[in-house]
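Secondary and tertiary structure notes
Each chain, letter by letter, is given below.
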Amino acid sequence: MIGALLLSSVASVRRHLYEIFQKLHLILAAMLIAVIYLHSPSKELLASPTVYLLAAICVHIFTASLRLWQILYRNVRHRAPLSRVTVQTITYKTSLRDTPLSDAVHVHIRPSKPWKPQAGQYVYLCIPGASHTSFVQSHPFFVAWWYRDAEGDVIVLIVEKRKGFTRDLFQHASNDVDLRSGMRAIVEGPYGKELDLESYDTVLLFATGMGIAGQLPYVTQLLERYQSSGVTNRRIALFWELDSESKCSQLSRKTPANNQPKSTRSLGR
Amino acid sequence: MDLTQWYAVALGALVALLFLSHRILLMIRIALSYAASCLLKRKYHPQVHRYVRGSEKATLFDAGLIVAFVVGNVICFTLEVKDVATLVKRSGVICTINLVPLALGEHMNMVASWCGLSLGAYARIHEWLGIVVIVEGLVHTAAGAASQKLDLHTTSGIATLAVSRPGCLTSERQLTRYFSRLVL
């Protein structure tokens, strides 16, 4: 069993079969604890080594309960049982024509219980209606920016097309952002900690491709705080490596009419 | 010194503390701030040399934690272990103790966020915990097999075989013998 745990945790297995690895890892870990209990000489719960197994199980149950509570708190609200999600096609606009990007979309989320988004935050997103198997899948994405419309706060994620869940999301992409008729979603989080960059004179940010989603909120936030509370940053430089010019449109912000994104306002100052 | 003299000294100390408290607190604050700055600059932020860490990101602080954990395990593993029976028992118990923090691994994001750790650092800690548990489990099994205590007629013995991986058994013949017992 230890061998199976070891083999299933090899980096290449994890990378290629992540969903299977995740579930298998949990099952094997639970089986390992059960087998160790059977193997242990003492079956008394409060005697060594059984007490450590009990502690491991309690720790697991405690964190699982906290997670469940957090998911329920974030997603369950009277008359708004789950968060709403709309997948929006990103369009690269030139003077000649508009070309939709084939490898990235914006995901607009209206959380049931909004929070104050901060740089460095990411959420786990589960959209049961995206495909047949998506109800058991939950994937992490950085919060790229956020805005407020007439009905509340909306957070935006930039999702790159890969395999599985992200590929399924593309089938639901449209040009409009209509969160009322959007899909139901379960948002878990926000997680992540903000780096304290305000005390530095010069801030250099580096991003490659989709990594811009993690860096953009820092630029937004530093500019906002520079205007509001006079933080000490004198220079903010963002270096973004792109495969093609069309990828710049990942940052194009199309929101419903009369809804000005907060971060656009601050960037425009 | 009698009681009154002790009282006089204590009163003097209190008065001195009253006058110097502001400066003492300031000095403590500066010293702590300097210590924190040194820790951040020299240990917390600098990365381990890339020949050691490869393409992974690992700061000196992370590496220090991991080294302390591994060294602590090695010490607990080897200290006062005089025979194979003690090694079997010790490795089994330490392996089980290490399972407790390992159980936090399923909800890594939540724990890392609440503790203010970076996810990468936490994942590395989980990985090292896992490696150490596996190594200890294998040592436990190998030592148990070497001491010929494996009895496959009992649930405990079968569980031992299930915990271990076949590759760590001493020989192919021994493996065949164990499986024939299991079938019988």
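All of these numbers come straight from a predicted model, not from anything done at the bench. (Residues numbered from 1 in each chain as written. Chains lettered and ligands numbered in written order. Predicted model: local features only at pLDDT ≥ 70, side-chain atom pairs only at ≥ 80, totals over all residues.)

**A look at helix 3 (residues 60–78) of chain B**
Residues and elements named next belong to chain B. Our working definition: By the criteria applied, helices consist of DSSP H or I runs no shorter than four residues and strands consist of E runs no shorter than two, each listed in order from the N terminus. Take the residue count of a helix, subtract one, and multiply by 1.5 Å to get its expected span. With C-beta atoms placed from the backbone, a residue is buried if 20 or more other C-beta atoms are within 10 Å of its own, exposed if 12 or fewer are, and partly exposed between those counts. Arc, as used here, means the arc of the directions from the helix axis to the C-beta atoms. C-beta atoms are first placed from the backbone for all residues, and any pair lying within 7 Å is then listed as a contact.
The end-to-end C-alpha separation of helix 3 is 26 Å, in line with the 27 Å expected for 19 residues at 1.5 Å each. Among the residues of helix 3, those classed as buried are Asp62, Ile66 and Asn73. Around the axis of helix 3, the buried residues are gathered within 30 degrees of arc, so they sit on the same side. Along helix 3, the residues that are exposed and aim more than 90 degrees away from the buried face are Val67, Ala68, Val71, Gly72, Ile75 and Thr78. Those residues of helix 3 hidden inside the fold are in contact with helix 4 (84–102) and helix 6 (119–146). Just downstream of helix 3 lies Glu80, where phi reads positive at about 60 degrees.

**Description of the nonpolar core**
All names here are of chain A. Filter applied, for reference: Under the definition applied here, buried Ala, Val, Leu, Ile, Met, Phe, Trp, Tyr and Cys residues are grouped into a nonpolar core through C-beta atoms within 7 Å. Boundary definitions for the domains trace back to an automatic or database domain assignment.
Core analysis: the biggest nonpolar cluster contains 34 residues, and Val107, Ile109, Ala144, Val156, Leu157, Val159 and Ala185 have the highest contact counts within it. Elements with a contribution of two residues or more to this core: strand 1 (83–93), strand 2 (98–110), strand 3 (122–126), strand 4 (139–149), strand 5 (152–160), strand 6 (183–191) and helix 6 (212–228). Structurally, this core is a two-domain feature, drawing no fewer than three residues from each of domain 2 (83–191) and domain 3 (202–267).

**Concerning the interface of chain B and chain A**
Note the cut-off: Nonpolar residues are Ala, Val, Leu, Ile, Met, Phe, Trp, Tyr, Cys and Pro. Charged residues are Asp, Glu, Lys and Arg, and all others, Gly as well, are polar.
Facing the 28 residues of chain B at the interface are 29 residues of chain A. Within the residue set of the side of chain B that touches chain A, elements represented by two or more residues are helix 4, helix 5 (108–115), helix 6 and helix 7 (155–163) of chain B. When grouped by side-chain class, the residues that make up the side of chain B that touches chain A number 13 nonpolar, 13 polar and two charged.

**A look at the confidence of the model for chain A**
Low pLDDT means the predicted coordinates in that region are not meant to be read closely. All names here are of chain A. The test is simple: Per-residue confidence from the predictor is reported as pLDDT, which spans 0 to 100.
For chain A, per-residue confidence averages 80 on the pLDDT scale, and 90% of positions sit at 70 or higher. For chain A, helix 7 (residues 262–267) is the element with the lowest average pLDDT, namely 40, and strand 3 is the one with the highest, namely 90. Note that residues 257–269 has pLDDT below 50 and, in this model, 21 contacts with residues that lie over four places away or in other chains.

**Concerning the confidence of the model for chain B**
Residue and element names in this part refer to chain B. In the predicted model, chain B carries a mean pLDDT of 76, and the fraction of residues at 70 or more is 78%. Across chain B, helix 4 holds the top mean pLDDT of 86, while helix 8 (residues 172–183) sits lowest at 44. This stretch, residues 165–184, has a pLDDT under 50; its non-local contacts, to residues over four places away or in other chains, come to 16 contacts. Overall fold confidence for the complex sits at a pTM of 0.72, while the interface term, ipTM, reaches 0.71.

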